[in-house]
Amino acid sequence: MSKHTTLSPTEAADRLAIRELIEAYAHCADRRDAKGQMALFTADTHFVVHMNAKDPKPSMELHSREALAPVFAELNQYDATTHFVGQSTILTLTNDRGTGEAYCLAHHVTVKGANRRLMLASLRYHDTFVKLDGVWLFAERLLYVDWVDERALS
């Protein structure tokens, strides 16, 4: 167990803002709000996807906010998605920078005629956050897919 210390009001507010940033990412994804999702990142963001968390070579690596548009647009292929954010941990935090890890179960539903399928992915994000003009943003987001399950839905 970690030792709990008293947080200053500023640190508590920063921690809450970072948690809300993580949750806003999932919310925008499920609402197909690509512009809102992109706005959560710095202009020079670094976004890396590891479709196999055990493979050190990334499946995709992007270096700007604008480069995220086609990635987020890929969600439009699904009839519905639910990104359920689990635990998130702030690993380091200063006045304007932080790092953390967040877990997510991403549910993706496809419908083709009478066939409905679910793709469920266990995701981990290793994040670097920066506070610019009083707002916390993702400076770097490393996405790791730990496992994927696909099945028919009733």
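The paragraphs below set out a description of the structure included in this document.

Analysis parameters
- Residues numbered from 1 in each chain as written.
- Predicted model: local features only at pLDDT ≥ 70, side-chain atom pairs only at ≥ 80, totals over all residues.
- Heavy atoms only, no water.
- Pairing = 2+ DSSP bridges.
- Helix = DSSP H or I, 4+ residues; strand = E, 2+ residues; numbered from the N terminus.
- Axes fitted to C-alpha atoms, helices over the stretch in contact; angles between N-to-C directions.
- Core = buried A, V, L, I, M, F, W, Y, C linked by side-chain atoms within 4.5 Å.
- Buried < 20%, exposed > 50% of the residue type's maximum accessible area, 1.4 Å probe, protein only.
- Contact = heavy atoms within 4.5 Å.
- Phe/Tyr/Trp six-rings, centres within 6.5 Å; stacked < 30°, edge-to-face > 60°.
- Patch = residues over 30% accessible without salt bridge, like charges linked within 9 Å, V, L, I, M, F, W, Y side chains within 5 Å.
- Areas by Shrake-Rupley, 256 points an atom, 1.4 Å probe, with all protein chains shown as cover.
- Salt bridge = Lys/Arg side-chain N within 4 Å of Asp/Glu carboxyl O.

### Some remarks on the pairing of strand S5 (residues 115–132)
Item 1. Strand direction decides the pairing type here: strand S4 (residues 97–112) and S5, joined by 16 bridges, are antiparallel. Bridge pairing in S5 places Gly98 opposite Phe129.
Item 2. Note that S5 and strand S6 (residues 135–153) share 17 bridges and pair antiparallel. The residue bridging Asp127 from the neighbouring strand is Arg141, located in S6.

### Remarks on the sheet that holds S6
Item 1. Spatially, the 6 strands line up as an open sheet ordered S2-S1-S6-S5-S4-S3, and their pairing is mixed. A strand with exactly one partner marks an edge of an open sheet, and here the two such strands are strand S2 (60–62) and strand S3 (80–93). Across the sheet, the axes of successive neighbouring strands diverge by a mean angle of 15 degrees, strand direction being ignored.

### Let's talk about the nonpolar core
Item 1. Counting 31 residues, the largest nonpolar core has Tyr25, Phe41, Phe47, Leu123, Phe129 and Phe138 as the members making the most contacts within it.
Item 2. Going through the elements one at a time, helix H1 (9–31), strand S1 (41–50), helix H3 (69–73), S3, S4, S5 and S6 are the ones with two or more residues in this core.
Item 3. For this core, the element with the most residues is H1, which contributes 6 residues.
Item 4. When residues no more than four places from it in sequence are discounted, the contact partners of Phe41 are Tyr25, Phe47, Arg65, Leu68, Phe72, Leu137, Phe138 and Arg141.

### Topic: the pairing of S4
Item 1. Note that S3 and S4 share 11 bridges and pair antiparallel. Within the sheet, the bridge partner assigned to Leu93 lies in S4 and is Gly98.
Item 2. From the end of S4 to the start of S5, which pair antiparallel, there are 2 residues, and Gly113 there has a positive phi angle of about 65 degrees.

### Observations concerning the packing of aromatic side chains
Item 1. Inspection of the entire model under this criterion finds 9 aromatic pairs.
Item 2. Relative to Phe138, the ring of Tyr25 has its centre 5.9 Å away and its plane inclined at 75 degrees; by these criteria the two rings are edge-to-face. One end of the pair, Tyr25, is in helix H1; the other, Phe138, is in strand S6, with 113 residues separating them in the sequence. Each of the two residues, Tyr25 as well as Phe138, counts as buried.

### A word on the side chain of Thr45
Item 1. Checked against the element boundaries, Thr45 lands in strand S1.
Item 2. Thr45 gets classed as buried once you look at its relative accessible area, which sits at 0%.
Item 3. In this view, Thr45 contacts Leu62, His63, Ser64, Arg65, Leu68, Phe138, Ala139 and Glu140; residues no more than four positions away in its chain are not counted.

### As for a nonpolar patch on the surface
Item 1. Taken together, the side chains of Phe84, Leu105 and Trp147 define a hydrophobic patch exposed on the protein surface, amounting to about 310 Å² of accessible area.
Item 2. Here Phe84 shows up in strand S3.
Item 3. With relative accessibility at 55%, the residue Phe84 sits in the exposed group.

### Topic: unusual backbone geometry
Item 1. Its identity is not glycine, yet Arg32 carries a phi of approximately 60 degrees, on the positive side.
Item 2. Tracing the backbone through its elements, the reader meets Arg32 in the loop between H1 and helix H2 (34–38).
Item 3. Given a relative accessible area of 26%, Arg32 falls into the partly exposed group.
Item 4. Phi at Asp133 is positive, roughly 50 degrees, even though this residue is not glycine.
Item 5. Relative to the assigned elements, Asp133 resides in the loop between S5 and S6.

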